[in-house]
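Fold and geometry: a report
The primary structure of each chain is shown beneath.
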Amino acid sequence: MVTPRVVLVHRRSEYDELLARHGTRGQASFFLTSRGQSLDAVEGRHRHTEQVLDVAARSIPTDWQRAQVERADLGQFIFRPEDIVVVVGQDGLVANLAKYVNGQPIIGVDPLPGTNAGVLVPHQGSNVSRLLRSVADGSATLVRRTMVAASSDDGQFIEALNEVFIGQPSHQSARYEIRSGNRVERQSSSGIIVCTGTGATGWGRSIQQIQAPEMLMPAADDPGLPWFVREPWPSPSTGATVRSG
């Protein structure tokens, strides 16, 4: 049996980013105070996140391998097939991580319960030890999640856990022809969102409530991918009737 390696994934806290930007705690405090905010709350969230990250690290069995990677370095990190990934952070960190792994189990840990939605980070730091053991011995219950992939005619390819946005990077008007079943229409819009069952709890949900409130959204492991047109513009040459599917 191959000894697992546990990879702890995290991101720089708001406190870390303030220090990197302003140089000292005093300067960061002055910056926030001048805007009617307090550094104390930011520092408190930072300390709590660090404590949960420490608990997760101490939960790794001493005879297992371990590694730690920050969000900004995920693109350069090489995951191994036997890795167990522990994410300490927000739901979005798991969504960002998903495109860099290939079937490795992910344990999402919420360092700030009540602040994050917790859809992808449902666990507490105190449960990491038990969860690692259950993943390693095969007794853990895994939630499999559908991802969405998109490719372009020039060979570019992208995968995502939540959704893919098709349109101008600036979100300015894009012109295209959309085909859905027997429906074909020339359109001008600010883009199209294609989401998964996981994305259906985020951006997809917000646009679905406006564009197609009657549509049933998929579960996390469903293969169906709902799509929505953002702000289609009717004109003499473009239509706005094919808006979702």
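Worth saying up front: this structure is predicted, and the values here are computed from it rather than measured.

Quick notes on helix H2 (residues 25–33)
Within the span of H2, buried status applies to Ala28, Phe31 and Leu32. The buried residues of H2 occupy one face: seen down the axis, they fall within an arc of 95 degrees. In H2, the exposed positions angled more than 90 degrees off the buried face are occupied by Phe30 and Thr33.

Notes on the environment of Tyr15
Within the fold, Tyr15 resides in helix H1 (residues 14–22). Assessed through its relative accessible area of 10%, Tyr15 is described here as buried. Measuring from C-alpha to C-alpha, the distance between Tyr15 and Glu43 comes to 5.9 Å, with 28 residues separating the pair along the chain. Among all residues touching Tyr15, those that are not within four sequence positions of it are Arg25, Leu39, Val42, Glu43 and His46.

Re the side chain of Asp110
Inspection of the secondary structure assignment puts Asp110 in the loop between strand S4 (106–109) and helix H5 (128–136). Buried and unpaired, Asp110 has no salt bridge, with Arg45 as the nearest side chain of opposite charge at 11 Å. Excluding its chain neighbours within four sequence positions, the residues that come into contact with Asp110 are Gly89, Asn116, Gly118, Val121 and His123.

Describing the packing of H1 against H2
How two helices pack is summed up by the angle between their axes together with the distance between the axes. Contact geometry for H1 and H2: axes closest at 8 Å, N-to-C directions at 105 degrees. Relative to H2, the element H1 is oriented roughly perpendicular. Across the interface between the two elements, Tyr15, Leu18, Leu19, Arg21 and His22 of H1 pack against Arg25, Gln27, Ala28, Phe31 and Leu32 of H2. Of the residues contributing to the contact of H1 with H2, the split by class is 6 nonpolar, 2 polar and 2 charged.

Topic: the packing of H2 against helix H3 (residues 39–58)
Put simply, H2 and H3 touch, their axes get as near as 9 Å, and they point 125 degrees apart. It follows from the interaxial angle that H2 and H3 lie oblique. Residue-level inspection shows Arg25, Ala28, Ser29 and Leu32 of H2 in contact with H3, the latter providing Leu39, Asp40, Val42 and Glu43. Of the residues assigned to the contact of H2 with H3, the class counts are 4 nonpolar, 1 polar and 3 charged.

Looking at the sheet that holds strand S11 (residues 227–229)
Reading across from one edge, S7-S10-S11 is the order of the 3 strands in this open sheet, with antiparallel pairing throughout. Edge strands, defined here as strands with exactly one partner in the open sheet, are strand S7 (163–166) and S11. Neighbour-to-neighbour, the strand axes of the sheet open up by a mean angle of 15 degrees, direction not taken into account.

Focus: the environment of Gly89
Secondary-structure assignment places Gly89 in the loop between strand S3 (83–88) and helix H4 (91–98). Linking Gly89 and Phe157, residues 68 residues apart in sequence, is a C-alpha distance of 27 Å. For Gly89, the contacting residues outside a window of four places in its chain are Val109, Asp110, Pro111, Asn116 and Val121.

So, the packing of aromatic side chains
Scanning the entire structure with this criterion turns up 2 aromatic pairs. Seen in terms of ring centroids, Phe77 and Phe79 are 4.8 Å apart; in terms of plane orientation they differ by 70 degrees. Their pairing is edge-to-face. Looking at Phe77, the relative accessible area reads 22%, which means it is partly exposed. Here the aromatic rings of Phe165 and Trp203 are separated by 6.2 Å at their centres, their planes lie at 25 degrees, and the arrangement is stacked. With Phe165 in strand S7 and Trp203 in helix H6 (residues 203–211), the pair connects residues that are 38 residues apart, well separated along the chain.

Brief notes about unusual backbone geometry
A positive phi angle, close to 65 degrees, is found at His171, a residue other than glycine. Its place among the elements puts His171 in the loop between S7 and strand S8 (174–180). By relative accessible area, which is 37% here, His171 ends up partly exposed. Within the chain, Glu231 stands out as a residue other than glycine whose phi angle is a positive 50 degrees. Mapped onto the elements, Glu231 comes out in the segment after S11.

Conventions used here
- Residues numbered from 1 in each chain as written.
- Predicted model: local features only at pLDDT ≥ 70, side-chain atom pairs only at ≥ 80, totals over all residues.
- Heavy atoms only, no water.
- Buried < 20%, exposed > 50% of the residue type's maximum accessible area, 1.4 Å probe, protein only.
- Helix = DSSP H or I, 4+ residues; strand = E, 2+ residues; numbered from the N terminus.
- Arc of directions from axis to C-beta.
- Contact = heavy atoms within 4.5 Å.
- Lys, Arg positive; Asp, Glu negative; His and termini not counted.
- Salt bridge = Lys/Arg side-chain N within 4 Å of Asp/Glu carboxyl O.
- Axes fitted to C-alpha atoms, helices over the stretch in contact; angles between N-to-C directions.
- Parallel < 35°, antiparallel > 145°, perpendicular 65-115°, else oblique.
- Nonpolar A, V, L, I, M, F, W, Y, C, P; charged D, E, K, R; others polar.
- Pairing = 2+ DSSP bridges.
- Phe/Tyr/Trp six-rings, centres within 6.5 Å; stacked < 30°, edge-to-face > 60°.

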